[in-house]
Amino acid sequence: MAGYILRRLGAAVLVLFAISVLVFLIFFATPGVDPAARIAGKNADPATLEQVRASFGFDRPLPVQYLMMMKHLFVSHDLTSFVNRGTLVIPQIMDAIPVTLSLVVGAAVIWMVLGVAMGTLAGAMRGTLVDPLVMLLGVFGVSLPVYWLGEVVNLITQKELHDSVFSWVPPLGYVPFSQSPGQWALHLLLPWLTLALLYAGIYARLLRGELIQALNEDYVRTARAKGLSERRILLRHALRCSLIPIVSLFGLDFGALVGGAALLTEVVFGLPGVGKLTYQALQNLDLPVIMGAVLYAAFFVVLANAVVDVLYARLDPRVRRA
Amino acid sequence: MSATVNGAVKETGPIPAVAAPVRPSAGPWRQAATRILRNRSALAAGAGLLLIALVCLLAPVYAGSIAHTDPFVSNISGTTVVGGQEVPVLQQSTEGLGLGVTPIGPTGDPAHYLLGADNQGRDVMARLLYGGRNSLLIGISSALLCCALATVLGVLAGYFGGWIDAVLSRFFDVIWAFPVYLLAICLSVVLLTSGLHLGPVHIDAGSLALPIVIIALIYVPYVARPLRGQVMALRGKEFLQAAVGLGASDARIMRREVLPNVLPTVVVFLPLMTALNMLTESALSFLSVGVQSPDASWGTIINDGLALLYTRPMITIAAGLFVALTAVALNVFGDGVRDALDPNARLRGGA
């Protein structure tokens, strides 16, 4: 197990390095415009351009430029925005990370619980009404744009029915957990549910398929022959094996969520997380912020994937030998 | 082979040398087509898709002959007719201080702003139809490009193995580990400011080709990884060794023996990737790094509607419904294609 963990973390470090090189190349070495002009933003004066060139070492060879960028990002933390002059980028990102994590972790808990419950139910009650319902939710899960669903939720809860059913819904925004846990949860409730609903559908559908396959396996027949109750067979034998692919998919989705759907959900619900920060930076082409946010988010995603893989190896010993 | 038993010749081979011609059994593609034609939900989804595509293709007809507007020119001081009366397209706000303007809402009259106007006084319905053309174009062409690239790379990696596989697989790993939206945002931000100039290839900054190429690139590992696995499984098969024994070149083996075996999986991916790519396009356009104005897509229209969500919700709702309906139809149709061609295909994950 220790060997596996070391190997997995080693691979993660390699991927992190590759991603940082890729981002570096995209921003600094794409043929076309002078990278200094990109970083300095629209209509920058020559003095600013000169300053950017000096601080990123654009007259030096590419590997040196790469090291200088990494130093700004991870060692001296002094990457500054040139659109909002003088704003330090890294502290901004650090402030935004708890918001994004609150959103994603909460949603993940809800969707795993909902998804596993619905999937198990659909697998156990094949041919009943639960079945097509889960299938439908699964199709919606992969088809509805999450930011649009968020807007519709906002429209209903903030405007159309705000005076009657949804009068308890607070205005859009975020309250830190340390300030008031109750308000924190209340502000995040609808964003959580919006995100979770779509993913729960996808997971329920996947789990249903896995369960139905597992219930046809020999070991389930053996369990039946032993005289175990149907409920025990489903929960202790079939479900346990069916959860393995779900867990590995969870790692991928959780990561993708931090850098994808959560980004859009934050914009729609006005949550000041990394996604909102990236969105604002995109609106005025604030490249240092985009670069910092992308790298931090990507690094987090890779680490999250590594952690999930290690957990996965604990669940399934076969993985450790792969 | 024949054997002589008691002086009589006993045939043991295929007996009827001349018999009624046996109809060859239908090929796998024909069988799949029959299965899809029997799948009612897939057929309904396919019909829905055709309908949406047709309506979007007819956008110029709607804008020119029915609504008589140009959906790409702002119409801030124009007027239109509602219930026989002439009213301005952008009305003075009645709320608050009375500053600012509110575009006209849905009129229910196809000739005069059926779904209302956006904040520049442009006909929302006409823009939706034109935007749909771009959304569909980007979804379909990036899915085709992505699947073609992934097939080439996946077959090469799986067939040759060795260092080619090692390099390509690491490449897939890195892109796979990179959150797709962030990668797309990086590429878009850089390319949208300056366009792409690679040797003889020149793509202008506002061109639709940029989102197509970017979206196709970021999803290559999704398709290439499962294909690589399939090809690796094929490598040990006897028919491939037979082809090697006949002296066929690598190129010929890949084209004539390997490709036909992985093609069903590629076809299964196509509608599902089209849905995914269309959703990605709308998300990127929503973030303003996809389709650039004056062009429109469903994503940019949802973005336009964001500021008017509480006053004129129809802009957002209608555009989102178009995206959602198309994506649902594509996914249902794609599920039908998968059931018909390759029921055991593992489409998500795959590694």
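In this text, all values refer to a predicted model and were calculated from it rather than measured experimentally.

### Comments concerning the overall build of chain B
Right, on to step 1. When its secondary structure is counted, chain B shows 12 helices and 8 strands.
Right, on to step 2. Counting only residues that meet the buried cut, chain B has 45% of its 351 residues in that class.

### Thoughts on the overall build of chain A
Right, on to step 1. The secondary structure content of chain A amounts to 14 helices and 0 strands.
Right, on to step 2. When the helices and strands of chain A are read in sequence order from the N terminus, they spell out α-α-α-α-α-α-α-α-α-α-α-α-α-α.
Right, on to step 3. Taken along the three principal axes of its C-alpha coordinates, chain A extends 80 × 60 × 40 Å.
Right, on to step 4. By the burial criterion, 40% of the 322 residues in chain A qualify as buried.
Right, on to step 5. By sequence separation, contacts in chain A at least 24 residues apart represent 71% of the contacts at least 6 residues apart.

### Description of the interface of chain A and chain B
Right, on to step 1. Every contact between the two is made by 47 residues of chain A and, on the other side, 42 residues of chain B.
Right, on to step 2. No other element matches helix H10 (residues 230-259) of chain A, which puts 8 residues into the side of chain A that touches chain B.
Right, on to step 3. Taken together, the residues that form the side of chain A that touches chain B break down as 33 nonpolar, 11 polar and 3 charged.

### Focus: the pairing of strand S3 (residues 79-82) of chain B
Residue and element names in this part refer to chain B.
Right, on to step 1. As defined by bridge partners, S3 adjoins strand S4 (residues 85-88) across 4 bridges and the pair is classed as antiparallel. Across the sheet, the residue bridging to Val 81 is Glu 86, located in S4.
Right, on to step 2. Hairpin connection from S3 to S4: 2 residues lie between these consecutive antiparallel strands, with Gly 83 at a positive phi of about 60°.

### Some words on the confidence of the model for chain B
One rule of thumb: low pLDDT means the predicted coordinates there are not for detailed reading.
Residues and elements named next belong to chain B.
Right, on to step 1. Counting all residues, the mean pLDDT for chain B is 82, and 88% of those residues have values of 70 or more.
Right, on to step 2. Within the model, pLDDT remains below 50 along residues 1-11, and this stretch shows 10 contacts once partners closer than five positions in the same chain are excluded.
Right, on to step 3. Interface confidence in the predicted complex, given as ipTM, is 0.84; pTM for the same model is 0.85.

### A short note on the nonpolar core
Right, on to step 1. Grouped together as the largest cluster of nonpolar side chains are 186 residues, with contacts concentrated most on Val 294 of chain A together with Ile 185, Tyr 219 and Val 223 of chain B.
Right, on to step 2. No other element matches helix H4 (residues 124-160) of chain B, which puts 17 residues into this core.
Right, on to step 3. Ignoring sequence-local partners within four residues, the contact set of Val 223 of chain B consists of Cys 146, Cys 147, Ala 150, Phe 269 and Met 273 of chain B.

### Looking at the environment of Leu 128 of chain B
Right, on to step 1. Structurally, Leu 128 of chain B can be placed in helix H4.
Right, on to step 2. Along the chain, Leu 128 of chain B and Gln 85 of chain B lie 43 residues apart, while their C-alpha atoms are 26 Å from each other.

### Quick look at unusual backbone geometry
Residue and element names in this part refer to chain B.
Right, on to step 1. At Ser 288, a residue that is not glycine, the phi angle is positive and equals roughly 70°.
Right, on to step 2. By the element assignment, Ser 288 lies in the loop between helix H10 (250-286) and helix H11 (298-306).
Right, on to step 3. Look at Ser 288 and you get partly exposed, because 18 C-beta atoms sit within 10 Å.

### Comments concerning the packing of helix H5 (residues 89-124) of chain A against helix H12 (residues 274-283) of chain A
Any two packed helices are characterised by how steeply their axes cross, that is the angle between the axes, and by the distance between the axes.
Residue and element names in this part refer to chain A.
Right, on to step 1. For the pair H5 and H12, the least separation of the axes is 7 Å and the interaxial angle reads 130°. As the angle between them shows, H5 and H12 are arranged oblique. For the pair H5 and H12, the contacting residues are Gln 92, Ile 93, Ala 96, Ile 97 and Thr 100 in the first and Val 274, Gly 275 and Leu 277 in the second.
Right, on to step 2. Across the contact of H5 with H12, the residue classes tally to 5 nonpolar, 3 polar and no charged.

### Observations concerning the environment of Leu 325 of chain B
Right, on to step 1. Among the secondary structure elements, Leu 325 of chain B is positioned in helix H12 (residues 314-341).
Right, on to step 2. Measuring from C-alpha to C-alpha, the distance between Leu 325 of chain B and Arg 225 of chain B comes to 29 Å, with 100 residues separating the pair along the chain.

### Looking at H4 of chain B
Residues and elements named next belong to chain B.
Right, on to step 1. Given a rise of 1.5 Å per residue, 37 residues ought to cover 54 Å, and the 52 Å separating the end C-alpha atoms of H4 matches this to within 8%.
Right, on to step 2. With 27 of its 37 residues buried, H4 lies for the most part within the structure.
Right, on to step 3. At the C-terminal side of H4, Gly 161 shows a positive phi close to 60°.

### Focus: the environment of Pro 271 of chain B
Residue and element names in this part refer to chain B.
Right, on to step 1. Structurally, Pro 271 is set in helix H10.
Right, on to step 2. Pro 271 gets classed as buried once you count the C-beta atoms within 10 Å, which come to 26.
Right, on to step 3. In this structure, the C-alpha to C-alpha distance between Pro 271 and Ala 143, residues 128 residues apart in sequence, is 7.9 Å.

### Observations concerning the packing of helix H6 (residues 180-194) of chain B against helix H7 (residues 209-218) of chain B
All names here are of chain B.
Right, on to step 1. Running from N to C, H6 and H7 point in directions that differ by 150°, and their axes come no closer than 10 Å. Looking at the two axes, H6 sits roughly antiparallel to H7. Helix-helix and strand crossings are classified by hand; for H6 and H7 the assignment is right-handed. Packed against H6, whose contacting residues are Val 180, Leu 183, Ala 184, Leu 187, Ser 188, Leu 191 and Leu 192, the element H7 presents Leu 210, Ile 214, Ile 215 and Ile 218 at the interface.
Right, on to step 2. For the contact of H6 with H7, the class distribution of residues is 10 nonpolar, 1 polar and no charged.

What counts, and at which threshold
Residues numbered from 1 in each chain as written. Chains lettered and ligands numbered in written order. Predicted model: local features only at pLDDT ≥ 70, side-chain atom pairs only at ≥ 80, totals over all residues. Helix = DSSP H or I, 4+ residues; strand = E, 2+ residues; numbered from the N terminus. Buried ≥ 20, exposed ≤ 12 C-beta atoms within 10 Å, placed from the backbone. Contact = placed C-beta atoms within 7 Å. Nonpolar A, V, L, I, M, F, W, Y, C, P; charged D, E, K, R; others polar. Pairing = 2+ DSSP bridges. pLDDT = per-residue confidence, 0-100. Core = buried A, V, L, I, M, F, W, Y, C linked by C-beta atoms within 7 Å. Axes fitted to C-alpha atoms, helices over the stretch in contact; angles between N-to-C directions. Parallel < 35°, antiparallel > 145°, perpendicular 65-115°, else oblique. Expected span 1.5 Å × (residues − 1). Left-handed = near helix turned anticlockwise from the far one by under 90°.

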